[in-house]
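If you want the building blocks of each chain, they are given just below.
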Amino acid sequence: MRWAWGIGLAAAAISAPAQAQSVRVDAPAGRAAEVAVAIARQTGSSIVVADRKVANRKVPAVRGQMTAAQAIARLARAAGAKAVASGSNSWRLVSAAPAAVPPRHSRRAQVKREPPSNRSSEEFPAIEIVVVGSKRETPLAEYPGQVELIDGEVLAFGGVGGTEKIMQRIPTVSSTYLGSGRNKLFIRGIADSSFTGPTQSTVGQYLGDLRLSYNAPDPDLRLSDLARVEVLEGPQGTLYGAGSLGGIVRMVPNEPEMGLAAGAAMLGGSATEHGALGADANLTANLPLIGDRSAVRFTVNAERQGGYIDKPLLEQRDVNRTDIYSGRAMARFEVGYDWTIDLIGVGQRTDGRDSQYADRDGLPLSRAALVTEGFEADFEQAQFVVTGRLGQVRFKSSTGITGQEVEERYDATPPDGPVRIFVQSNDTAMVANETRLWQPIGDRFGWLVGGSYTRNRTRLTRTLGTPDAQGAVTGVRNVIDEFTIYGEASVRLAPGLVATAGGRYTHSRLDGEGLDVSPLLAESLAAVTASRTETVFLPSGSLAANLAPDTTLYVRYQEGFRPGGLAIAGDFVSQFRNDRAATFEIGGRRGDSGSGPFNVAASVAYTRWRDIQADFIDSNGFPSTANIGDGRIWTATLTGGVALSPALRIDAGLTYNDGRIDEPTVLLFERVFPLLDIPNFTGRFEDLPPRLLEHITEVPNIAKFSGRIGFDYRRPLGRDLELTAAGWANYVGRSRLGVGPQLGEAQGDYLDTGLTVRIGHEAMGITVGLTNLTDEEGNRFALGTPFAIGRDQITPLRPRTIRIGLDAAF
């Protein structure tokens, strides 16, 4: 039966504004048919959606002051349809192409980018982009902060990857490079240390509304079948709470589409110069379940990254092969008008046969180790999400269970000593819920109120000894129960001027104990490991001014924090306090990144960071954690893009960071400075030699200067074929490894490059990609093992690698 949506829409024309009259439209995101109903009622028009597939496609919200024709043009573009006028105030939406839209082209709060054209904005008005990470559907034009939005298709172009795909696009995001599933992410200049210990990351990572982890490393999930990734820069404490000092990375998955059976697949093979072969595969599908009110969407990935590090002493080549297997599934059930239930499951296993570091002064891409290092990382998460509307008020509740386990092996062989290996296991279990109510800002006022509960338990265990005789060394267990309420409100002070204020109140209960310690020692540590509580209030405020339809200036103040916990200090367990960052930022942007003739965005931020939590090497050579003092960070960013032609667009970005520890704690003097072995050193901070003082007080792992330039090119070849190309070059400036003399090695100062070309049409294409075009060795991360093994270390870039792939949609 041919579906005809629009029953009752014509009746909405009674006493309604005429077609040319501009009215305030507020149609929430949903199925095209539902959005059409809202637009028809609000504009007094008649809309018939004659194609069932078009009617069921998910489209973003349509909001703003506009005529009926403009609103319907927005809806048509978002739904991949064509608006055909059937009267003075009526339209029919028909499919713009005979082929079904494959799952990889599904959208939420975004549209497919098209090359600039000469067509008028009246004919194809720009669709309003909504920042999902604002938690209340704030339009990008009114969002008071720096946000980077990366389209999911861009991330999957040339093969599915992980977090490195984000860093290739955004110069303010950086990472350590211990290996997939073991790294820590940093945004802007807010970085603490090089190791994954009991401290929480400075960057919050989210899948939808739930965090991926609490104090575990980046799981490096495969970025397949995503609508987009949002990176919100700077502290996000009011909305996201603990662990968002530097910002957040939020993955927005494509949602199941009702009544649609379609899929897409990718297959690729790679070859690494000086290394081994690799391969990757991806399958994504959307399937209806029961009728037209439920559907499931899933994506699975398998990847083998060929090794390129040799161990001559063991007569082994290309030892650092890494295998990654992952999957994600989402089932949606429509249980009523504007109410849905989502069940989400995601899992990933990463198996690294050996580590990816090399000796600084040895043979290229090799290390003189006599033990097998390597790692395993497992991640699982299940979510239950309820979303709905209560009149004009929106509701969302997300509950999740997360498990993550990382086991790492390090070479701990002392110079001229027996072979030893150090094994560290980090086992994390988390239960979390977040529930919120909100009303998007309309003509005058918008608000948000929510609450959350998180329970996170982490067991950090360690062993040390010969490969055949491992003995337990001191470990630690940390448990936190976190209760939070938060709120935010915005008011239009004048046309184009929005003021926002908010706050978050968090009460945390901290518990824990030392592991593998003697009963006598455990008793003596009872006061240290006893339960304690922390209470934090995080205020925020901002002002955003729209000077023109595509130009925004803003100022904002925001805070973030990380809770305290227990850390290992030699054979003992010690406490570390929570740390807190406060940022004042001023910035602006013009245009929309990726579209229009040009766009530019800039910001300057000052951050005051108190009681900084950081890792250092203790007297036994083990990583430890403590509060090292107070510091300040200046950050400046500049990004932009320009369309040189309808087919070619260039984009670039620069970031500057200057971070210093200007008020060190007594602990830093006691544990780090005595190891400096400086003649006649008085022990006073100000008496250190200037160059050494700068070296010690520099915030680690963050380059002072970094930059990026890239291009996107599209050209039709005839017979429905299209040539698509994308290339990039990233410069990562010099930084240092960590706090203290043992972690003072230089790293960075390298250029990373890539190029991908695709020829094909929507249903099938062939891609050829090349990374590290210059085959530069570089030094991404100057640490392979924290132990003094008598060899300086580097982590080289993956050598020049070529990938050939095939993608298909069905």
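By convention here, each chain's residues receive numbers from 1 onward along its written sequence. For a predicted model such as this one, the threshold for reporting local features is a pLDDT of at least 70, and the threshold for listing and counting side-chain atom pairs is 80 or more; totals across whole chains, interfaces and linings nevertheless cover every residue. No hydrogens and no water enter the side-chain calculation; it runs on all heavy atoms of the structure.

Visitor: Help me understand the overall build of the protein, please; the structure alone is not making it clear to me.
Guide: By the criteria applied, helices consist of DSSP H or I runs no shorter than four residues and strands consist of E runs no shorter than two, each listed in order from the N terminus. Within the protein, the regular secondary structure consists of ten helices and 46 strands. Whether a residue is buried, partly exposed or exposed follows from its accessible area with a 1.4 Å probe, protein chains only, as a fraction of its type maximum: under 20%, in between, or over 50%, in that order. Looking at the protein as a whole, 59% of its 810 residues are labelled buried. Here the analysis covers contacts within the protein between residues at least 6 apart in sequence; of these, 68% occur between residues at least 24 apart. The contact definition used throughout considers only heavy atoms, calling two residues in contact when any of these lie within 4.5 Å.

Visitor: Hey, could you run me through unusual backbone geometry in this one?
Guide: Residues other than glycine predominantly adopt negative phi, and peptide bonds predominantly adopt the trans conformation. Although it is not a glycine, Glu137 sits at a positive phi angle of roughly 55 degrees. Phi at Asp720 is positive, roughly 70 degrees, even though this residue is not glycine.

Visitor: What should I look at first to understand the packing of aromatic side chains in this one?
Guide: One pair of aromatic rings is described through two measures. These are the centre distance and the angle between the planes. In this analysis, rings of Phe, Tyr and Trp, with Trp reduced to its six-membered ring, are considered paired at centre separations within 6.5 Å, and the interplanar angle assigns stacked below 30 degrees, edge-to-face beyond 60, and tilted for intermediate values. Across all of its chains, the model carries seven aromatic pairs by this definition. The interplanar angle of 40 degrees and the centroid separation of 4.9 Å between the aromatic rings of Tyr453 and Phe483 together place this pair among those described as tilted. Of this pair, Tyr453 sits in strand β26 (residues 445–466) while Phe483 is found in strand β27 (residues 469–494), placing the two residues 30 residues apart along the sequence. For Tyr453, a relative accessible area of 28% corresponds to the partly exposed category. Classification of Phe483 as partly exposed rests on a relative accessible area of 45%. Taken together, a centroid distance of 5.1 Å and an interplanar angle of 50 degrees make the contact between Tyr656 and Phe705 tilted.

Visitor: It is not clear to me how the pairing of strand β33 (residues 579–590) should be interpreted in this structure. Could you clarify?
Guide: Sheet faces and side chains relate simply in a regular strand, where the side chains alternate between the two faces. Note: two strands are recorded as paired if DSSP finds a minimum of 2 bridges between them. Of the strand pairs in this sheet, strand β30 (residues 551–562) and β33 are connected by twelve bridges, and their pairing is antiparallel. Pairing of Phe561 across the sheet is with Arg580, part of β33. Pairing of β33 with strand β34 (residues 598–610), which is carried by eleven bridges, proceeds in the antiparallel orientation. Following the sheet pairing, Phe584 is matched in β34 by Tyr606.

Visitor: Would you take a moment to explain the packing of helix α1 (residues 32–43) against helix α3 (residues 68–78) for this structure?
Guide: The relative placement of two packed helices is expressed as an angle between their axes plus a distance between the axes. Axis geometry follows a simple rule: fit a line to the C-alpha atoms, using only the stretch in contact for helices, then measure angles between N-to-C directions, giving values from 0 to 180 degrees. Running from N to C, α1 and α3 point in directions that differ by 175 degrees, and their axes come no closer than 10 Å. Relative to α3, the element α1 is oriented roughly antiparallel. Residues Ala32, Val35, Ala36, Ile39 and Thr43 of α1 form the contact with α3, whose own contacting residues are Ala68, Ala71, Ile72 and Leu75. Geometric relationships in this document are graded by angle, where less than 35 degrees denotes roughly parallel, more than 145 denotes roughly antiparallel, 65 to 115 denotes roughly perpendicular, and other angles denote oblique.

Visitor: I keep staring at the side chain of Ser540 and nothing clicks. Help me out?
Guide: Here Ser540 is to be found in strand β29 (residues 532–548). We define a polar contact as two N or O atoms separated by no more than 3.5 Å, with the added condition that, inside protein, one atom must be a possible hydrogen donor and the other a possible acceptor, whereas residues neighbouring each other in sequence contribute only through side-chain atom pairs. A polar side-chain atom of Ser540 sits 2.8 Å from a polar atom in the side chain of Thr238. Discounting residues that sit within four places of it in the chain, Ser540 has contacts with Thr238, Glu488, Thr500, Ala501, Gly502, Gly503, Tyr557 and Gln558.

Visitor: When you look at the pattern of salt bridges in this model, what are you seeing that I'm missing?
Guide: Side-chain pairs of opposite charge can arise whenever the charged atoms involved come near each other. The working definition used for a salt bridge is a side-chain nitrogen of Lys or Arg within 4 Å of a carboxyl oxygen of Asp or Glu. Summed over the entire model, instances satisfying the criterion amount to 51 salt bridges. Residue Arg222 is joined to Asp220 by a salt bridge in which the shortest nitrogen-to-oxygen separation is 2.8 Å. Across the pair, Asp220 and Arg222 agree in class, each one buried. A salt bridge links Asp378 to Arg349, with the nearest nitrogen and oxygen atoms 2.7 Å apart. Here the residue Asp378 occupies a position in strand β23 (residues 374–390), and Arg349 occupies one in strand β21 (residues 339–352), the gap between them amounting to 29 residues. Note on Arg349: relative accessible area 39%, which makes it partly exposed. Where salt bridges share partners, they join Lys135, Asp209, Arg250, Lys396, Glu434 and Arg436 into one cluster.

Visitor: Looking at this structure, how should I read the environment of Asp427?
Guide: Inspection of the secondary structure puts Asp427 in strand β25 (residues 421–439). Each C-alpha atom, one on Asp427 and one on Glu405, is 4.4 Å from the other, the two residues being 22 residues apart in sequence. Not counting residues up to four positions away in its chain, the partners in contact with Asp427 are Gln404, Glu405, Arg457, Thr458 and Arg459.

Visitor: I'm lost on the confidence of the model for the protein in this one. Help?
Guide: How sure the predictor is of each residue is captured by pLDDT, a score from 0 to 100. Confidence along the protein averages 85 in pLDDT terms, with 87% of residues attaining 70 or more. Between residues 1–19, whose pLDDT stays under 50, and residues either more than four places distant or in other chains, the model counts 40 contacts. Low pLDDT, under 50, characterises residues 97–127; the predicted model gives this stretch 85 contacts beyond four residues in sequence or across chains.

Visitor: How should I be thinking about the sheet that holds strand β14 (residues 210–211) in this particular structure?
Guide: Two orientations exist for strands paired in a sheet by backbone hydrogen bonds: parallel and antiparallel. Spatial ordering of the open sheet is given by β10-β15-β16-β13-β14, a layout of five strands whose pairing is mixed. The open sheet has two edge strands with one neighbour each: β10 (147–151) and β14. The pairing of strand β13 (residues 203–207) with β14 spans two bridges and is antiparallel. Paired with Tyr206 across the two strands is Arg211, which belongs to β14.

Visitor: Got a minute to help me understand α1 in this structure?
Guide: Within an α-helix, residues lying three or four positions from one another point in the same direction, as the helix has 3.6 residues per turn. Multiplying 1.5 Å by the helix residue count minus one yields the expected span of that helix. Taking 1.5 Å of rise per residue, twelve residues should cover 16 Å, and α1 covers 16 Å from first to last C-alpha, within 8% of that figure. Within the span of α1, buried status applies to Ala32, Ala33, Val35, Ala36, Ala38, Ile39, Ala40 and Thr43. Looking at the residues trailing α1, positive phi occurs at Gly44, about 70 degrees.

Visitor: Please explain a nonpolar patch on the surface as it appears in this structure.
Guide: Judged by side-chain polarity, Phe598, Val600, Leu638, Val642, Leu644 and Leu654 come together as a nonpolar surface patch covering roughly 510 Å² of accessible area. Residue assignment for the nonpolar patch shows that the elements contributing at least two residues are β34 and β37 (629–643). Tracing the backbone shows Leu644 in the loop between β37 and β38 (648–664). Patch membership needs two things, relative accessible area over 30% and no salt bridge, and members are linked within 9 Å if like-charged or within 5 Å if nonpolar (Val, Leu, Ile, Met, Phe, Trp, Tyr). All accessible areas in this document rest on Shrake-Rupley with a 1.4 Å probe, and a residue is counted as covered only by the protein chains that are shown.

Visitor: What is the right way to read the pairing of strand β36 (residues 623–627) from this model?
Guide: A large share of β36 lies buried, amounting to five of its five residues. The two faces of β36 match: Pro623, Thr625 and Asn627 on one face and Ser624 and Ala626 on the other face are all buried. Inspection of the sheet shows strand β35 (residues 613–617) paired to β36 by five bridges, in the antiparallel sense. Across the sheet, the residue bridging to Ala614 is Ala626, located in β36.

Visitor: Before we go on, may I ask you to explain the nonpolar core in this structure?
Guide: Soluble, globular proteins show a tendency: their nonpolar side chains are buried together. Counting 39 residues, the largest nonpolar core has Ile166, Val229, Val231, Val249, Met251 and Phe422 as the members making the most contacts within it. For this core, the secondary-structure elements that each account for two or more residues are α5 (163–169), β12 (185–187), β13, β15 (226–233), β16 (247–253), β21 and β23. Considering each element in turn, this core owes the most residues, three residues, to β15. Ala38, Ile39, Met66 and Ala71 belong to the second-largest nonpolar core, a separate cluster that totals 27 residues. To qualify as a nonpolar core, a set must consist of buried Ala, Val, Leu, Ile, Met, Phe, Trp, Tyr and Cys residues joined through side-chain atoms within 4.5 Å.

Visitor: Quick question: what am I supposed to make of the environment of Arg477 here?
Guide: You can see Arg477 is positioned in strand β27. Apart from residues no more than four positions distant in its own chain, Arg477 is found in contact with Arg457, Thr458, Arg459, Asp511, Gly512, Glu513, Leu515 and Leu566.

Visitor: Hey, could you run me through the environment of Ser603 in this one?
Guide: When you line up the elements, Ser603 lands in strand β34. A residue is classified by how much of its surface remains accessible, and Ser603, at 4% relative accessible area, is buried. When the C-alpha positions of Ser603 and Tyr554 are compared, they lie 9.2 Å apart, and in sequence the two are 49 residues distant. Discounting chain neighbours no more than four positions away, the residues touching Ser603 are Gln146, Arg188, Tyr554, Glu585, Ile586, Gly587, Thr635, Ala636 and Thr637.

Visitor: Can you walk me through α3 in this structure?
Guide: Across the eleven residues of α3, nine count as buried, placing the element largely inside the fold. All buried positions along α3 are accounted for by Ala68, Gln70, Ala71, Ile72, Ala73, Arg74, Leu75, Ala76 and Ala78. Looking one or two places after α3, you find Gly80, whose phi comes out positive at around 65 degrees.

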